[in-house]
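Descriptive analysis of the structure
One letter stands for each residue in the lines below.
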Amino acid sequence: MTCTACGTFNTPDSRFCKYCGVALQILCKACGTTNDPDSRFCKMCGVSLTAAAPAPPPRATELAIDGALRGKVAEVVKVLGGLNCGRCGYRTCAENALAIVRGEASPHSCVQGGEEAARQIRAILGHAERPSFGALLWEQLTSIKLAIVLIVVIVLLSVIGTLIPQGKDPLFYIASYGEAGTNIIKALLLDQLYHSWYFVSLLVLLALNTGACAIKRFRVSWELVSKPVESRTADEIAQLPTQAKLDAHLFEKLEEALKRWRYRVRREGTQLVAYKNLWGRLGIDILHASLIIILIGGIVGGILGFEDFQIAHKGEVFTVARGGFQVRVDDLRVEHYPDSGQVKDWYSTLTVIDGGREVFTKTIEVNEPLTYKGISLYQASFGSDWLGGAELTFRVERVSEGNAEPIGEITAKVGTTFPLEDGRTAKVVAFYPDFIVTEDRRPANRSQALNNPAAFIEVYNGDQREFTAWTFAQFPQFQHEFLGENPYRFYLVGMKAPEFTGLQIARNPGIPVIYAGFILLVFGLALNFYLPPRRLWAAVKESTLYVGGLGREPREFEPEFEEIMADLSPCPSSHPQSLSLRGKRGEGEGAGGLGPKEEITSHG
Amino acid sequence: MDSAFFFYLSAVGYFLAFVFYLLHLVGSPSDGQRSGLGIVATSQPWVLKETTWGKLATWTTLVTVLISTVGMVLRVLEMHRVSGMWMLPVTNTYETLAFFAWAIPLVYLLFEWRYKIKVVGAFVTGMAFLFIALASSPLLSSEVRPLVPALQSYWLVLHVLFTLGGEAFFAVAFGAGLVFLWLQRRGGNLQTLKMLDNLSYKAIALGFPFFTLGGLVFGAIWAQHAWGRYWGWDPKETWMLITWFFYALYLHVRVKWGWRDAKTAWLAVGGFAVAMFTWWGVNYLLAGLHSYAN
């Protein structure tokens, strides 16, 4: 019968699903109604549900396998791979193979092998029918394998995006990679990689895959957390991937040990149920749901939000179009540390004006934005507007008979003219904060920063232009070395410019969604890793105590289980294997609990 | 005596601890079951028989962590004196190195106390020594400098604290992974290998939520607060995401394929390398808004 929660095929007499442990529903053979697993009569038609309980299926090593089947079993074992992970519910691949060949287990039972294994096994068994394309597609889309592949591809693409600078001017790429390189970059959208259709598609696909896996998993999760843990018989316990057989007299000791380990223990005669942190199972469901929520928030923000940059001077009023309000810059201020002169912070005092009325005033600084009508203004940068009206100070010298004589200092704005002597005037034509000469011998600015201040002056005698002069703040010797013949020398000794504030204006309606996602993400992670669920069963049969359990996944529980077992038998025997572990090892080849031993050696 | 002095002293301490752990490893007596490291106990064969060197190593590490803590407290006071602000010492390369060199042995001591495994001790103290030695070297200045405007935020503290805290766990997993690979090569005891694999897994599992909270969540919230956008795909943010995906991969391959051997050990090693690249490589090799080096 098929488990309704996870879809695993189970033998008809199983009360619990081999894979996910959920209690199985009993199907009434007469009317087809599903009944609770411990029902004795059908609730709809009253027919008795329980035949005499058949003996549990004998274990593989106890059977004589007839020759025809033996070959098939061997082939199926090869397909399954021999990992003995225990997730099919059988301890070893050999046992699962036998069950498959005998028709007691489904070809799909191997979680590790997945679709591929199922296909091969069906071929070995000679089955004709194939699952529908839809089923195959769904299988692939909801596999962790796809998630792993997607993550690897996204990571590789992301690395490329950090090696090639993003979002720069085409000229930048030509300068760095040449014409040919730039063409490739543009064609593959490598300069806008994170916004390219292929990258976004991968993210969306990952989100869909996560969503599908989350739904699949949540059905099992809900079954496990919402129903009470049922006790199990010794034979059922023996089928668990993590289990041991101990001496029956250790039953009380086990109960005490479990209580010490903070399990909730429920004893029912010779059976025992212990569990803790059952809700921890939902951790993974919550965190995967949160990833999808975060992605949704990102998309919402991307579509409905905006980002703008605004430069403003003191006294200026600018309009925030999307909000329908205006902002007046009342004051700009830079604060420096007293000792070092290093910038401590930038402040802008802003007043919000809506419908002609002043709403409020706030002084913003870095890390301290202003918000109005859902739109925020951030203090992003600060600077002097060197290209927007600098005020320069020159020290002027008059040259007569080879001697230079200072005649004073003058401050003038760029574009203005100031008087010299004898009817001469000097015009401050241009100012370059970061002067360079381009390839075609023209003056230009390499950047907007004050790296190499230079000014260009024209001197007029009446209406006639008499001479011109370049002057460099960092190279005063230029005046007397290269322009020594000029009757006047101009040394650039000071410069000021109106300060501006650089404001990032942004609205992102996705933010609350994303923050909610963050909270759920961390909560889910903490729940999953710090409070892993544990279910443990024990039952006495004849003089043996069967103990077994399930954790987050079969293997994850092992170390704790082994420690609990070690707790019961603190005195090590002279034989290297302690009493408590002998039971597991005695089971034969690679009992689930010690499977990794074989993995480690085989992959050495 | 300023904070730099105590950090320098802690470098000496970690070096001594490193030597003591090495001596503990080679000097442990064996008892019938010899397997490369003289491993003894029966139900817990990864526990070496305790030696004087081993005890000394643990105590030295503990004392050095305390010395480091004194250094950190002094640093907080120094920062306040220079800039008037109360900040935890995580504001520049020197301080974050010192913080990391403090966090890793602290996390390791917790694991040592819980799992009684000391094979990784030499490696961890060696790492801590390298970090604090680098900080104390002429390459970095120990000067307390006031913060640029962008760093004046308690989000900075939260972001760095939780990210490095998580990475301290990853560092222990890194050490366990390396020891695993080395031991496997020389044919070590299988149960020890299993324990090392468990240790790696436990360390990553415990550190991952911290790392997510600090690196992704607090980083995004801080960016939103300071720059008006929580995610800009700049190299630092992108590499942080890559590191996160790497460890997520580690966890997923264990679930999907039950990998528990050399492959996962390599992933634990690789993940830490990626994390270190995110911390160092991005700043000094790539450029961007995040890069304070440029």
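Being a predicted model, the structure only gives us computed values, none of them experimental. (Residues numbered from 1 in each chain as written. Chains lettered and ligands numbered in written order. Predicted model: local features only at pLDDT ≥ 70, side-chain atom pairs only at ≥ 80, totals over all residues.)

Here the focus is the domain arrangement of chain B. Residue and element names in this part refer to chain B. Here chain B is partitioned into domain 1 (1-147) and domain 2 (158-294). Facing 23 residues of domain 1, the contacting portion of domain 2 comprises 22 residues. Elements with a contribution of two residues or more to the side of domain 1 that touches domain 2: helix H3 (93-115) and helix H4 (121-136). Counting residues per element, the side of domain 1 that touches domain 2 draws most heavily on H3, which supplies nine residues. Tallied by class, the residues present in the side of domain 1 that touches domain 2 amount to 20 nonpolar, three polar and no charged. (Domains from an automatic or database assignment. Contact = placed C-beta atoms within 7 Å. Helix = DSSP H or I, 4+ residues; strand = E, 2+ residues; numbered from the N terminus. Nonpolar A, V, L, I, M, F, W, Y, C, P; charged D, E, K, R; others polar.)

The next thing to look at is the pairing of strand E20 (residues 464-472) of chain A. Two faces, one strand: in a regular strand the side chains alternate between the faces of the sheet. Residue and element names in this part refer to chain A. Sheet analysis places strand E19 (residues 454-461) next to E20, joined by eight bridges and oriented antiparallel. The residue of E20 that forms the bridge with Phe456 is Trp470. If you look at the hairpin formed by E19 and E20, you'll find two residues sitting between the two strands, and Gly462 has a positive phi there, around 70°. (Pairing = 2+ DSSP bridges.)

Helix H6 (residues 190-227) of chain B packs onto helix H12 (residues 511-530) of chain A with a crossing angle of 170° between their chain directions and a minimal axis gap of 9 Å. The angle between H12 of chain A and H6 of chain B places the two elements in the roughly antiparallel class. Every pair of crossing elements has a handedness; the one defined by H12 of chain A and H6 of chain B is left-handed. Only Ala205, Leu206, Phe208, Pro209, Thr212, Leu213, Val217 and Gln224 of chain B of H6 of chain B make contact with H12 of chain A, whose side of the interface consists of Ile511, Phe518, Leu521, Val522, Leu525, Ala526 and Phe529 of chain A. By residue class, the composition of the contact of H12 of chain A with H6 of chain B is 13 nonpolar, two polar and no charged. (Axes fitted to C-alpha atoms, helices over the stretch in contact; angles between N-to-C directions. Parallel < 35°, antiparallel > 145°, perpendicular 65-115°, else oblique. Left-handed = near helix turned anticlockwise from the far one by under 90°.)

Looking now at the sheet that holds strand E24 (residues 544-550) of chain A. Residues and elements named next belong to chain A. Spatially, the five strands line up as an open sheet ordered E3-E24-E23-E5-E4, and their pairing is antiparallel. For this open sheet the edge positions go to strand E3 (242-247) and strand E4 (264-268), each flanked by a neighbour on one side alone. Taking each pair of neighbouring strands and ignoring which way they run, the sheet shows an average axis angle of 15°. Strand direction decides the pairing type here: E3 and E24, joined by six bridges, are antiparallel. Each bridged residue has a counterpart across the sheet, and for Lys245 the counterpart in E24 is Tyr546.

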